[in-house]
Amino acid sequence: MHLMFHRHQLNMVIIAGQNLILLITPYNTLEYTVMEYILYYILFTAEQLKMYPNKFTVFVRGRIYPPQDEIYKLLYRYVHHIK
């Protein structure tokens, strides 16, 4: 799972092997104002695709500054494999 953070926006790409599973582009962007909404959206998407948080890696990019960023800390509580 690849996440690109912008100011109050999130783009997501999910790739399994060499197959593109989900692509959320700049024209189809999740807009958020509450950090918990990001977590809900990520975990809900993973659940729908039968992905388990302890078995996949999340790659974060953009306007997120691990490990001190609040979004990163919130995400790390549920998904431990973050790069």
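Our subject is the structure listed above.
Residues numbered from 1 in each chain as written. Predicted model: local features only at pLDDT ≥ 70, side-chain atom pairs only at ≥ 80, totals over all residues. Heavy atoms only, no water.

Comments concerning unusual backbone geometry
With a phi angle near 65°, H8 is a residue other than glycine that sits in the positive phi range. When its relative accessible area of 41% is taken as the criterion, H8 is described as partly exposed. (Buried < 20%, exposed > 50% of the residue type's maximum accessible area, 1.4 Å probe, protein only.)

Here we look at the pairing of strand 1 (residues 2-6)
Side chains L3 and F5 of strand 1 all project onto a buried face; the interleaved residues H2, M4 and H6 project onto a face where none is buried. For strand 1 and strand 2 (residues 9-16), the ladder comprises five bridges, and the chain directions are antiparallel. The partner of H2 across the bridge, within strand 2, is V13. If you look at the hairpin formed by strand 1 and strand 2, you'll find two residues sitting between the two strands, and H8 has a positive phi there, around 65°. Relative to strand 5 (residues 59-62), strand 1 runs parallel, the two sharing four bridges. Residue pairing for strand 5: F5 is matched across the bridge by G62. (Helix = DSSP H or I, 4+ residues; strand = E, 2+ residues; numbered from the N terminus. Pairing = 2+ DSSP bridges.)

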